[in-house]
Amino acid sequence: MSDDKRKNTFGYINLNKKFIHPAIFTVMNTRMGNLKKILAGTKFAKVDKLGNIIYVEDDATLAFVTKDNLEQFGYEVHHYENGQLALNNFTSHSYDLCIFDIMLPKMDGFELAKRIREINTHIPILFLSAKSQLEDKIQGLELGADDYITKPFSMEELKLKIEVFLRRNKIT
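Within every chain, residues take consecutive numbers counted from 1 along the sequence as written. This being a predicted model, a pLDDT of at least 70 is required before a residue's local features are given, and a value of 80 or more before pairs of side-chain atoms are given or counted; all residues contribute to the totals for chains, interfaces and linings. Calculation of side-chain values draws on the structure's entire complement of heavy atoms; hydrogens and water are dropped beforehand.

Caption draft 1: Main features of the environment of L166. Only DSSP runs of H or I covering at least 4 residues are called helices, and only runs of E covering at least 2 are called strands; the numbering of each starts at the N terminus. Relative to the helices and strands, L166 resides in helix α7 (residues 155-171). The spatial distance from the C-alpha of L166 to the C-alpha of D96 is 7.0 Å, given a sequence separation of 70 residues. Sequence-distant contacts of L166, defined by excluding residues within four places in its chain, comprise L50, G51, Y75, D96 and L97. Only heavy atoms enter the contact rule, under which two residues are in contact if any of them lie within 4.5 Å.

Caption draft 2: Quick peek at the packing of aromatic side chains. The aromatic pairing rule takes the rings of Phe, Tyr and Trp, using the six-membered ring of Trp, and pairs them if the centres are within 6.5 Å, calling planes under 30 degrees apart stacked, those over 60 edge-to-face and the rest tilted. Considering all chains together, one arrives at three aromatic pairs under this definition. Between F90 and Y95, the aromatic rings sit 5.8 Å apart at their centres with planes inclined by 25 degrees, giving stacked as the arrangement. In terms of burial, F90 and Y95 fall into one category: buried. When the centroid spacing of 6.0 Å and the interplanar angle of 50 degrees are considered together, the rings of F127 and Y148 count as tilted. Within this pair, whereas F127 is found in strand β6 (residues 125-129), its partner Y148 is found in strand β7 (residues 147-150), the two being separated by 21 residues in sequence. With respect to class, F127 is no different from Y148; both count as buried. Taken together, the ring pairs in this structure connect F110, F127 and Y148 into an aromatic cluster. The aromatic ring of F73 is capped on one face by K159, whose charged end is 5.2 Å from the ring centroid. For the exposure calls, accessible area comes from a 1.4 Å probe over protein chains only, and a residue counts as buried if that area is under 20% of its type's maximum, exposed if over 50%, partly exposed in between. Criterion for a charge above a ring: Arg CZ or Lys NZ at most 6 Å from the ring centre, at most 35 degrees from the ring normal.

Caption draft 3: Expanded view of the nonpolar core. The biggest cluster of nonpolar side chains holds 21 residues, and the ones touching the most others in it are I54, C98, F100, L112, I116 and F127. Every element with two or more residues in this core is listed here: β3 (52-56), α4 (83-90), β5 (97-100), α5 (109-119) and β6. Per element, the largest residue contribution to this core is four residues, and it comes from α5. Setting aside residues up to four positions removed in sequence, F100 forms contacts with I54, V56, G109, L112, A113, I116, I125, L126, F127 and L128. Each nonpolar core is a collection of buried residues, namely Ala, Val, Leu, Ile, Met, Phe, Trp, Tyr and Cys, held together in the definition by side-chain atoms within 4.5 Å.

Caption draft 4: Main features of the side chain of D147. Mapped onto the secondary structure, D147 falls in strand β7. In the analysis that follows, any N or O atom pair within 3.5 Å is treated as a polar contact, provided that within protein one partner can donate a hydrogen and the other can accept it, and provided that, for residues neighboring in sequence, both atoms belong to side chains. One polar contact links D147 to K161, side chain to side chain, over a distance of 2.7 Å. Not counting chain neighbours up to four residues away, the residues in contact with D147 comprise I125, L126, F127, L141, K161 and F165.

Caption draft 5: Fine view of the pairing of β6. In terms of residue burial, β6 counts as a mostly covered element, since five of its five residues are buried. Neither face of β6 is left uncovered, since the one carrying I125, F127 and S129 and the one carrying L126 and L128 both have all their residues buried. When DSSP finds two or more bridges between two strands, those strands count as paired. As defined by bridge partners, β5 adjoins β6 across three bridges and the pair is classed as parallel. Note on β6: the bridge partner recorded for C98 is I125.

Below you can see the structure in the form of structure tokens.
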């Protein structure tokens, strides 16, 4: 019998492939519940979001990491896996900024940016792409993108650029 099955047989709880004793699991859940109750009456209960971002990326892993980081920075992020889905949902929310990959299924990022510009001429658009050729960057900027960041990228750089564009939009 393998270690995994033996632990499971003896009543351990499988939590994301880590086995935890039921008593410890109960304490963890109780403490989290108490923490939520404590925070409910404080300024941490509802944090105002810094901005509302539409993020279009078909790589699920990169999308998860990027979205998670941006949310930790305080942004509300709506992620879509393809350009068509993002375009269909663009008018249903009030976005402050767009982050688009270029190589997307159903509608590429260039076409998506072009269509978004027809709907909203002022929203900042950042391309975040593995396409690093000068011609691609020029095409993106000519379509109305405000910036073009190549992958791999620094999360800190992305955060700072987002801050610049959102700050600039609040002034105008």
